[in-house]
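# Results of the structural survey
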Amino acid sequence: MDPTLLTQYVLAGLVIGGIYCLMAVGITFIYSVMKMINWAMGEFYMIGGYVQYVLITAWLGPQRWALALPLAVLTVAALGMLVQRLLLQPMFAGQLERLDEYATIVTISLTVLFRNLAVVLFGPYQFSPRDYAPPVQLGPLPINGSRVVAFLGAAVLLGLFALVVRRTWLGLALRSVAQNRLGALAAGINLSRIDMLAFGIGVGLAGAAGALLAPVFLVYPESGALSTVKGFEIIVIGGLGSLPGSIVGGFLLGLVESLGSVLISPSFRDVYGFGLLLLLLALRPTGLWGEQAREA
Amino acid sequence: MDDPLLILDGLHKSFGGVAAVRGVSTTLARGEIRGLIGPNGSGKTTLLNLVGGQTRPDRGWVVLAGRSLEGQPPDAIAARGVARTFQLPRVFRHMTVLENLLVVVCADHRRAGWVEARRDAEALLRLVHLDGLAHAEARTLSGGQAMLLQLARCLAQRPLVLCLLDEPFAGVHPGIKERMVQAIHETNRAHGVTFLVVSHEMPTLRRLAGRVSVMHNGAWIADGPLDAVARDPRVIEAYLGRPGPGHGPEEGRAPGRAADGHSGQPRDPA
Amino acid sequence: MIPLGWARALGPGMPGASTVRAAGAAAGLAAAALLPFALGSYPVHVLTVALYYVILASSWNLLAGYTGLFSLAHHALAGLGGYTSALLVLRAGIPVPLGIACGGILTYATGYAMGALTLRMRTLYLALATWAFAESTRVVISMEYGLTRGDLGLAVPKLLAATSPRPYYEVFLAAAAATVAGLAILLRSRIGYRLRAIRDDEGVARAVGVNTVRWKRFVFALSSGIAGAAGAIYGHYIGLLSPVGMKFDEMALVIIMVVLGGQRTLAGPVLGAAVVEVASEALRAYGQIRMVVFALTVLAVMRIYPSGLMGIARAMARRWLAAA
């Protein structure tokens with residue numbers, strides 16, 4: 001196997017892995033703060049793609065895609081906060097039991113809602129904004145310009161995310177809620193507002209991924225399904241509730257898919273991740289970095 | 001004591017480097033009612049968990065009626081005759097009070113028929129004066145009623161040789177407390193059931209227990225009749241953090257939990 | 001694997017179980033059996049599919065609603081049962097009913113294994129693990145083109161020689177009735193008490209002597225076996241199997257049916273499956289908006305009236321009885 005070709009594929013895997021990270025980090029972040037799994041993450045990804053597309057085609061034009069991006073992300077985040085306030089907030093209002101079930105049923109219903117709403121509003125067609133940038137030469141292998149943009153965008157967003165979580169008051173509040181809800185409440189933190197923001201940030205990351213990848217994976221009602229799958233694959237691999245696990249898991253998945261495609265067969269691309277996932281489930285069900293999944 | 005019911009021998013349990021139970025050894029005689037006191041964080045609940053099977057010891061033995069409980073899951077231990085209540089009242093919330101007791105009858109090792117089972121369950125509810133609420137959903141019960149139901153649930157187990165009660169009187173209405181004491185006495189006298197009662201309520205323990213053991217920081221520090229234990233300087237130091245005459249846990253209120261930084265709020269309503 | 005003593009533990013349920021209700025159910029069943037003769041082929045087909053979902057929803061309700069094991073792999077087990085039966089019939093030439101039985105047995109064993117592997121998992125991890133299993137199974141079936149013809153679909157031999165759906169309707173009706181009746185007996189028995197106790201507080205259930213390990217495995221196995229057998233019968237009815245039917249949307253549909261109808265009731269999944277499936281077909285002309293309506297309804301139910309349709313029905317019945 002030609003080493004330079006191998007390197008290109010590794011790089012390509014890392015590029016796509018970086019984007020997968022966005023989804024995984026979003027899922028894990030929401031879990032850390034709200035202790036729930038949002039099964040509709042893929043749909044927020046899908047909405048991000050649609051909003052980006054609509055912004056570009058109906059208003060800003062393809063040249064100003066970079067302006068459309070933050071707008072799309074903010075729209076998705078706002079939608080997320082609305083959903084959280086209306087549907088998920090009651091989870092914590094006290095009387096509800098079996099929160100996990102409630103959250104699962106509600107977010108799965110959202111999946112159905114958003115997916116079918118997209119078909120109703122836009123039809124089952126696939127849309128695609130024009131590529132964000134011309135192809136980039138990485139040695140002899142040209143990488144699609146949009147993918148490079150997406151990778152850089154993901155890197156920027158994850159960097160911003162890390163900055164907010166580590167260095168800002170908001171980040172401190174978020175971390176404290178993640179570690180000890182009751183303690184944070186006692187310290188005077190407004191839990192409902194933090195929950196709302198956390199959810200908004202989490203789905204915002206997914207929306208960003210959708211907006212960034214709109215020209216690569218196209219925009220259509222089912223586009224969320226695959227990213228949900230990838231996102232949860234990474235969660236299982238990297239461990240629920242672990243941010244480093246999500247990032248490492250994301251890159252790992254990208255690498256495994258890319259190398260599998262070139263070393264074994266490209267048509268099973270989506271399967272390699274599952275192979276890794278099943279292996280991990282058998283050996284270490286909580287994931288590489290996972291917290292204990294055992295009941296208290 | 002020959003043929004003790006329960007032998008604890010050198011029990012050790014640590015959680016992540018913190019020793020919750022350190023080298024605890026004692027024996028319980030058949031038909032004994034033993035009190036277990038100690039400041040919060042002294043390892044009392046962990047000890048109950050070790051006997052009940054909810055936790056495995058790092059070292060040491062638990063021997064019930066001559067047979068080791070090593071490696072046994074909680075349901076197997078229950079089948080041997082060990083029943084327990086939990087510190088926070090845990091009941092089957094979506095079942096009625098009566099059904100809560102019927103679950104006990106449906107345990108894997110039980111063979112009774114429904115008619116007999118229902119009869120026994122109703123009798124138990126009468127014993128603890130919960131029969132009026134037999135068809136109420138368990139989640140509508142007050143905290144004290146739930147504690148009472150937990151006790152009834154214990155008493156519904158067959159075989160029943162040892163009852164572990166984890167702070168059954170905490171925050172409970174005096175009327176309900178009285179019913180509990182009567183039920184415990186009745187069961188102890190009529191069926192020879194042994195009780196290990198963790199509690200902070202000294203007056204109630206005095207009525208119930210012949211002997212009281214004291215734990216502090218995971219270790220067994222004193223053992224004997226309540227009056228003697230109350231005057232033991234080690235016990236006083238454990239509760240108050242300094243030796244002092246006449247300031248023992250005897251004073252009828254939950255002892256100051258200053259050792260752990262909790263406020264010394266009395267537990268039962270005045 | 002089949003817990004000894006569960007047959008003994010079944011026995012007659014708690015005395016007081018309503019004979020009126022049983023008589024009513026029998027009458028309803030008789031009426032349902034005669035229904036196809038009054039309807040055209042297409043409505044009968046719709047009802048047949050609805051009955052398939054009744055079995056799926058009821059068995060999932062046993063697992064998730066009554067025992068609290070929120071599995072997201074139920075639809076995959078139905079598909080697995082279907083493919084197992086189809087492939088055995090096609091490749092090994094066994095008769096279709098035997099194939100269906102094999103499908104059920106394989107999924108029973110699979111469910112048992114899943115129960116064993118997820119014993120100590122909290123709800124969310126259980127959901128993730130079962131989701132991962134379901135997706136993996138779908139992908140593997142999709143990929144094993146040589147065996148399953150992947151996304152092109154597998155042509156499945158039919159169970160009966162009939163061209164009309166009517167005899168299939170009766171088959172599914174019998175299967176659905178057997179499932180619901182069996183569940184009724186199970187839930188009123190000692191096993192039912194154990195399962196409900198496991199859901200309400202597993203630690204306490206264990207502490208009073210319920211072997212939670214054994215019963216969690218059992219209920220996973222049983223509900224999976226039922227789903228697999230139902231999936232197999234369905235495959236031999238439609239005549240075509242495809243991994244598309246094992247997508248997550250199917251699981252979402254089952255959840256919607258159970259939640260709308262009323263979790264932790266026997267009639268809830270029946271009602272939910274019937275209503276959702278029939279409404280889905282009736283509104284087919286309006287396109288995807290019907291799914292939007294269902295999703296919104298479930299969200300409203302979860303938010304406002306978690307007991308679903310059965311809850312509403314019971315509340316109404318109580319009011320009538322009080323007024324009478």
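In what follows, the accompanying structure is described. (Residues numbered from 1 in each chain as written. Chains lettered and ligands numbered in written order. Predicted model: local features only at pLDDT ≥ 70, side-chain atom pairs only at ≥ 80, totals over all residues. Heavy atoms only, no water.)

### As for the interface of chain C and chain B
At the junction of the two partners, chain C supplies 26 residues and chain B supplies 29 residues. Here chain C and chain B share an interface that buries about 2,400 Å² over both sides, 56% of which is from carbon and sulfur atoms. Counting across the chain C and chain B interface gives five salt bridges. For Arg194 of chain C, the salt bridge is made with Asp108 of chain B, and the minimal N-O distance between the two is 3.6 Å. In this assembly, chain C and chain B are joined by twelve residue pairs in polar contact (both at pLDDT 80 or more). Elements that contribute at least two residues to the side of chain C that touches chain B include exactly α9 (190–200), α10 (202–207) and α11 (212–238) of chain C. Sort the elements by how many residues they give to the side of chain C that touches chain B and α9 of chain C lands first, with seven residues. Residue composition of the side of chain C that touches chain B, grouped by class: eleven nonpolar, five polar and ten charged. (Contact = heavy atoms within 4.5 Å. Buried area = accessible area lost by both parts, 1.4 Å probe. Salt bridge = Lys/Arg side-chain N within 4 Å of Asp/Glu carboxyl O. Polar contact = N/O pair within 3.5 Å; in protein donor to acceptor, adjacent residues only side chain to side chain. Helix = DSSP H or I, 4+ residues; strand = E, 2+ residues; numbered from the N terminus. Nonpolar A, V, L, I, M, F, W, Y, C, P; charged D, E, K, R; others polar.)

### What to know about the packing of helix α12 (residues 248–261) of chain C against helix α15 (residues 308–323) of chain C
Residues and elements named next belong to chain C. Viewed as axis vectors pointing N to C, α12 and α15 meet at an angle of 10°, and their least axial separation amounts to 3 Å. On the basis of the axis angle, α12 is roughly parallel to α15. In this structure, α12 contributes Val259, Leu260 and Gly261 to the contact, and α15 contributes Gly308, Leu309 and Met310. Its residues placed into classes, the contact of α12 with α15 shows four nonpolar, two polar and no charged. (Axes fitted to C-alpha atoms, helices over the stretch in contact; angles between N-to-C directions. Parallel < 35°, antiparallel > 145°, perpendicular 65-115°, else oblique.)

### Considerations on a nonpolar patch on the surface
On the surface, Val54, Val120, Leu121 and Phe122 of chain A together with Leu283, Tyr286, Ile289 and Val293 of chain C cluster together into a nonpolar patch covering about 680 Å² of accessible area. For the nonpolar patch, the element with the highest residue contribution is helix α4 (residues 99–122) of chain A, accounting for three residues. Along the polypeptide, Phe122 of chain A turns up in helix α4. (Patch = residues over 30% accessible without salt bridge, like charges linked within 9 Å, V, L, I, M, F, W, Y side chains within 5 Å. Areas by Shrake-Rupley, 256 points an atom, 1.4 Å probe, with all protein chains shown as cover.)

### Concerning the pairing of strand β3 (residues 33–37) of chain B
Residue and element names in this part refer to chain B. The buried fraction of β3 is high, at five of five residues. Taking every second residue as pointing to the same face, both faces of β3 are buried, with Ile33, Gly35 and Ile37 on one and Arg34 and Leu36 on the other. Of the strand pairs in this sheet, β3 and strand β8 (residues 194–198) are connected by four bridges, and their pairing is parallel. For Gly35, the partnering residue across the bridge sits in β8 and is Val197. (Buried < 20%, exposed > 50% of the residue type's maximum accessible area, 1.4 Å probe, protein only. Pairing = 2+ DSSP bridges.)

### A closer look at the side chain of His75 of chain C
You can see His75 of chain C is positioned in helix α4 (residues 74–92). If sequence neighbours within four positions are ignored, His75 of chain C has contacts with Ala134, Met246, Lys247, Phe248, Glu250 and Met251 of chain C.

### Regarding the pairing of strand β10 (residues 219–224) of chain B
Of all the six residues making up β10 of chain B, five are buried; the element is thus mostly covered by neighbouring parts of the structure. The hairpin turn running from strand β9 (residues 211–216) of chain B into β10 of chain B, its antiparallel successor, is two residues long, and Asn217 of chain B in that turn takes a positive phi close to 55°.

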